Amino acid sequence: MPISLDNNMMRQIIMDHYSNPINKHQPKDDGFAKVHMHSDNCIDDLDIFLKVNNDVVVDACFDGVACTISTASTDIMCDLLKGKTKNEALYMIEQYHHMMHEENFDADVLEEAIVFINTSKQAARIRCATIGWNAADNILKEKK
């Protein structure tokens, strides 16, 4: 974790993405794959949309109702996936899951998603922090 990124800064980034999620909207055109995700333990009920052309994620967005952690995590994920190749995106998702489960991970590819590094200490929040990432993983693995 970068030295300048303390707990207060991480909370502020999460709250900014929750309060003003720039990727929370329905797709504006056709060609998006969609996965619906919900949680039995939280209010999370989201549709995740990815548009992949020539093995590159050209757009990502989501819509629905979700808690702070799910909304912020999914919003950050959408930002990070845009412009990535399918393999780069899958690697990033894998590293994010390693971080969530306190395994060795490549922090360099996670960029702003590193703010969820302490989520693993709150086991009930891991599902919230990964719901969008799991949906994106499903979409990308179906796009062979």
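In case you missed it, the structure is sitting above this.
Residues numbered from 1 in each chain as written. Predicted model: local features only at pLDDT ≥ 70, side-chain atom pairs only at ≥ 80, totals over all residues. Heavy atoms only, no water.

Okay, the packing of aromatic side chains next. A complete count under the given rule lists one aromatic pair for this structure. Arranged with centres 3.8 Å apart and planes meeting at 5 degrees, the rings of Y96 and W133 form a pair that is stacked. Placement of Y96 in helix α3 (residues 86-100) and of W133 in helix α4 (residues 123-142) is noted, with a sequence separation of 37 residues between them. By relative accessible area, which is 0% here, Y96 ends up buried. W133 gets classed as buried once you look at its relative accessible area, which sits at 0%. (Phe/Tyr/Trp six-rings, centres within 6.5 Å; stacked < 30°, edge-to-face > 60°. Helix = DSSP H or I, 4+ residues; strand = E, 2+ residues; numbered from the N terminus. Buried < 20%, exposed > 50% of the residue type's maximum accessible area, 1.4 Å probe, protein only.)

Another aspect to go through is the pattern of salt bridges. Summed over the entire model, instances satisfying the criterion amount to five salt bridges. Note that D29 is salt-bridged to K51, the shortest N-O span being 2.9 Å. Of this pair, D29 sits in the loop between α1 (7-19) and β1 (33-38) while K51 sits in strand β2 (residues 45-53); the two residues are 22 residues apart in sequence, bridging distant segments of the chain. Judged by relative accessible area, which is 16%, K51 ranks as buried. The partner of D59 in a salt bridge is K82, and the shortest N-O contact between them spans 3.9 Å. Of this pair, D59 sits in strand β3 (residues 56-65) while K82 sits in the loop between α2 (68-81) and α3, and the two are 23 residues apart along the sequence. On the accessibility criterion, D59 (25% relative accessible area) is partly exposed. Take K82: its relative accessible area is 31%, and that puts it in the partly exposed class. (Salt bridge = Lys/Arg side-chain N within 4 Å of Asp/Glu carboxyl O.)

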